[in-house]
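So you can see what is in the structure, the chains are spelled out below.
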Amino acid sequence: MSKTLTKGLAAAAVLAVAGLALALAGCRPSSTETRFPKAGRDVAPVVSDSFSTEDARDRLGEAEQVIAFAGVAAGMSVADVGAGEGYYTVRLSPVVGAKGRVLAEDIDAGTRDGLSERVARDALDNVAVKLGTPADPMLPKASFDRIFLVHMYHEVRDPYAFLWHLADGLKLGGEVILVDSDRPVKNHGISPKRVACEFAALGLKPTRLERLEGGDVYAAAFVRTATRPMPEQIVPCASMR
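Residues numbered from 1 in each chain as written. Predicted model: local features only at pLDDT ≥ 70, side-chain atom pairs only at ≥ 80, totals over all residues. Heavy atoms only, no water.

Side note on the sheet that holds strand β1 (residues 77–81)
For step 1, the next point in the chain: Strand order across the open sheet formed by seven strands is β3-β2-β1-β4-β5-β7-β6, with mixed pairing between neighbours. Here the strands that pair on one side only, and so sit at the sheet edges, are β3 (127–131) and β6 (204–211). On average, each strand axis in the sheet is tilted by 20° relative to the strand beside it, whichever way the strands run.
For step 2, the next point in the chain: Both β6 and strand β7 (residues 217–224) contribute to a ladder of seven bridges, which runs antiparallel. Across the sheet, E210 pairs through a bridge with A219, a residue of β7.
For step 3, the next point in the chain: Contacts between helix α4 (residues 62–70) and the sheet are confined to β4 (144–150), β5 (170–181), β6 and β7, with β5 contributing the most and set at about 150° to the helix.
For step 4, the next point in the chain: Packed on one face of the sheet, helix α6 (residues 109–121) meets β2 (101–106) and β3 and runs near 170° to β3. (Pairing = 2+ DSSP bridges. Helix = DSSP H or I, 4+ residues; strand = E, 2+ residues; numbered from the N terminus. Axes fitted to C-alpha atoms, helices over the stretch in contact; angles between N-to-C directions. Contact = heavy atoms within 4.5 Å.)

The following block contains the structure:
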């Protein structure tokens, strides 16, 4: 057998082994599945990138209540995680002003593109839009005074992985602001008790809780009070609604 043929067969064998290794790697569980605890509760399906019509939400005055609750001020850097069509994004932009920054994140590329078009159309020069993943919003580290999670946390499939990555985006003294409905997850809500438990597992402590006007919606603020545990050290919450 010629040396050229021998070398060709050897190269083909190497490629075949490499291809098999990649195929096997594709069959392995993701790091989220292997490193972080499971949710241990119901997770609501994502039914829309729009929580409600903007006019209806404006009539309830929700955004004004939440932004006041969060203490957002000019010059702050804030993140709107799970921004959807950008209801909060466009309302946070004028509050933080020209010296502030808003990062709008979503996990759906089409939604991200639609929001980017809206931001460009409205000339919101202090807003950036990016794509994250279900388990990682991919926020720049130590960058935000406030991180907003509005009517979306009950849809997060891997809450411990999600919060582990999210917490890294807070500045020292920054807060996570969660807005959700106090009802069963299957009805697109989550109880403040369950939220507090899951956040505590990542060293995030509640500082205040407020019921908003006109229904079962609440806002809760959390600060980082401890070094986040390594994924394998996270103690998940017991089963609860």
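Focus on the nonpolar core
For step 1, the next point in the chain: Ranked by size, the top nonpolar core spans 35 residues in total, and within it V81, L149, Y153, F162, L166 and F199 carry the most contacts.
For step 2, the next point in the chain: For this core, the elements supplying multiple residues, two or more each, are β1, β4, α7 (159–167), β5, α8 (192–200) and β7.
For step 3, the next point in the chain: Ranked by the residues each element gives to this core, the list is headed by α7, at seven residues.
For step 4, the next point in the chain: Excluding residues that lie within four positions of it along the chain, Y153 makes contacts with R41, P159, F162, L163, L178, D180, I190, V195, E198 and F199.
For step 5, the next point in the chain: In this structure, A83, V119, V127 and F148 belong to the second largest nonpolar core, which totals 28 residues. (Core = buried A, V, L, I, M, F, W, Y, C linked by side-chain atoms within 4.5 Å. Buried < 20%, exposed > 50% of the residue type's maximum accessible area, 1.4 Å probe, protein only.)

Some remarks on the pattern of salt bridges
For step 1, the next point in the chain: Summed over all chains, the structure comprises 12 salt bridges.
For step 2, the next point in the chain: D168 serves as the salt-bridge partner of K141, at 3.8 Å between the closest nitrogen and oxygen. Taken together, the positions of K141 in the loop between β3 and β4 and D168 in the loop between α7 and β5 put the pair 27 residues apart, joining distant regions of the chain.
For step 3, the next point in the chain: A salt bridge links D182 to R211; its shortest N-O distance comes to 3.0 Å. Of the two residues, D182 is situated in the loop between β5 and α8 and R211 in strand β6; the sequence distance between them amounts to 29 residues.
For step 4, the next point in the chain: Via salt bridges that share partners, K141, D168, R224 and R228 belong to a single interconnected network. (Salt bridge = Lys/Arg side-chain N within 4 Å of Asp/Glu carboxyl O.)

The analysis is restricted to geometry; functional conclusions fall outside its scope.
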